[in-house]
Amino acid sequence: MILYDPGVIANFHDYGIMLPIASDRGKQALSFLNKNAPDKFKVFDFSSAQKYLKLNSKKLPCKLAEHPAVCTDQEKYLLNREDLERVHCKTFTKQLYTERLNAAILNAFELVDAQGKPNRYEPGRAIKPLSDLFQALLAQAGGTYLACLLALTDNALQGTQTKSGFCYYLGGGMHHARYDAPSGFCLINDVTAAAAKIASEKSAPLIWIIDMDAHKGDGTAELIHFARKRGELKTPAKKSELSISDNEKPCILTLSIHMAKGWPLDDENLASAKEGRAPLLPSDVDIGIDSGGEDEYSYRLMDGIGELEKLSGNAPDFALVVDGADPYEHDGLASSSLLRLTLEQCVKRDTLVYRYLQDRNIPSAWVQAGGYGDRAWEPAAYFLMNT
């Protein structure tokens, strides 16, 4: 199934933010699918997705049937301040709900340079106040959580059938936001917040995050690391079996495959990095691809998933896939230029992960994540058409 809600897709130019982000990649992908693979997927917006969950609640196992998003009326935005504070610093989260919000947005999208001058920011062209962007981003983050819930529900309803739960969300993927600050066009980290909420509800005590964005998932790695230090998540002590039972802490394992030397791992950024903070903190499995190493990408990705298997000792209960389109050779962002996968390589990448999860009956939610320029919709659209 596909989750897409045009009401939560932010057009950054409306806020005077002149980034090369297509206003609605999801709409372009759906238009392509409707033309080339009509009726292949159920497509939900947020409202119809919640109706679907409530309609099927009596058919679900107890832990999902009693889920608050299924059994009670919810606001459209399915992640709230408490959910953000589960992974982010409370001081930082408080800033997002005060007059200091605009400063956080300017920082997140790098709209002011070192000399204090506007950078890719033209407030005179804005038709919406900058502060309104937070609600749009919070809504998008809620979509990531809703996609997780849909995938788990879909998996439960499959019963003994061979197909496992799958939901592709045409939004989300803000994986650079850190514990106490925004970063890399990411104000809040929906990936970690959604996974942590699902884990806290014990719908999936063992979760894998598979991040295939061109840029390292440094914010996610930091947030998971800090949650482990607080004792909220299980820490894998070594590469051996993790024994997960209903009474133990949940475990979230992370894999990131990314440019080996591009942002946030470029020399300038690393020179100012602080020990014990992103981007220096590793994912559980980090795979850096050097420029020119595109032909090795799929092999190294599957080897990395094999390492996750060794860490887990068993299959995860759920996988959240960050399906970045910015490794695509036609991506429009300069900082993605050190990784140039063809469309065929992008589709192969996604298909390998999809088949791996399906073959092992692992439910998965996918978020569209990074992708810039007029052709950023293509990798997701062609992958979905070919699943």
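Scroll up for the structure.
What this report covers is the structure whose coordinates are included nearby. (Residues numbered from 1 in each chain as written. Predicted model: local features only at pLDDT ≥ 70, side-chain atom pairs only at ≥ 80, totals over all residues. Heavy atoms only, no water.)

## Things to note about the environment of N361
Applicable threshold: Helical segments are the DSSP runs of H or I of at least four residues, strand segments are the runs of E of at least two, and each set is numbered from the N terminus. Burial status follows relative accessibility: with a 1.4 Å probe on protein chains alone, a residue under 20% of its type maximum counts as buried, one over 50% as exposed, and anything between as partly exposed.
In this fold, N361 is placed in the loop between α13 (343–359) and β8 (364–367). With a relative accessible area of 39%, N361 lands in the partly exposed category. Each C-alpha atom, one on N361 and one on P316, is 9.7 Å from the other, the two residues being 45 residues apart in sequence.

## Quick look at the pattern of salt bridges
Side chains that differ in charge, positive against negative, can pair when their charged atoms come close. Worth spelling out the cut-off: Whenever Lys or Arg places a side-chain nitrogen within 4 Å of a carboxyl oxygen from Asp or Glu, that contact is recorded as a salt bridge.
Tallying each qualifying case throughout the model produces 16 salt bridges. Between D14 and K128 there is a salt bridge, with the nearest N and O atoms lying 3.9 Å from each other. Of this pair, D14 sits in the loop between β1 (2–3) and α1 (25–36) while K128 sits in the loop between α7 (101–108) and α8 (133–158), and the two are 114 residues apart along the sequence. By relative accessible area, D14 is classed as buried at 16%. For D83, the salt bridge goes to R86, with nearest N and O atoms at 3.1 Å.

## A short note on unusual backbone geometry
Look at the link from W263 to P264: it is a cis peptide, with omega at 5 degrees. Locating P264 in the fold gives a position in the loop between β5 (251–259) and α11 (267–271). A positive phi angle, near 55 degrees, is found at R120, a position not held by glycine. Residue placement: R120 occurs in the loop between α7 and α8. The partly exposed category is assigned to R120, whose relative accessible area is 33%. The residue K202 is not glycine, and still its phi comes out positive at about 60 degrees. You can see K202 is positioned in the loop between α9 (190–200) and β4 (206–211). Given a relative accessible area of 52%, K202 falls into the exposed group.

## Some remarks on the packing of aromatic side chains
Applied cut-off: Stacked, tilted and edge-to-face are the three classes assigned to paired rings of Phe, Tyr and Trp, where Trp is represented by its six-membered ring and a pair needs centres within 6.5 Å; plane angles under 30 degrees give stacked, over 60 edge-to-face, the rest tilted. Any Lys NZ or Arg CZ found within 6 Å of a ring centre and within 35 degrees of that ring's normal is scored as a charge over the ring.
Tallied over the full model, the rule gives 17 aromatic pairs. Pairing F12 with F109 gives two aromatic rings, centres 5.2 Å apart and planes at 55 degrees, and the pair type is tilted. Of this pair, F12 sits in the loop between β1 and α1 while F109 is found in the loop between α7 and α8, placing the two residues 97 residues apart along the sequence. The pair F12 / F109 is uniform in exposure class, with both members buried. Three or more aromatic residues joined by ring pairs make a cluster, and in this case those are F166, Y168, Y354, W366 and F383. Over the face of the ring belonging to Y145 we find K197, whose NZ or CZ atom lies 4.4 Å from the ring centre. Directly above the aromatic system of Y299 lies the positively charged group of K348, at a separation of 5.3 Å from the ring centroid.

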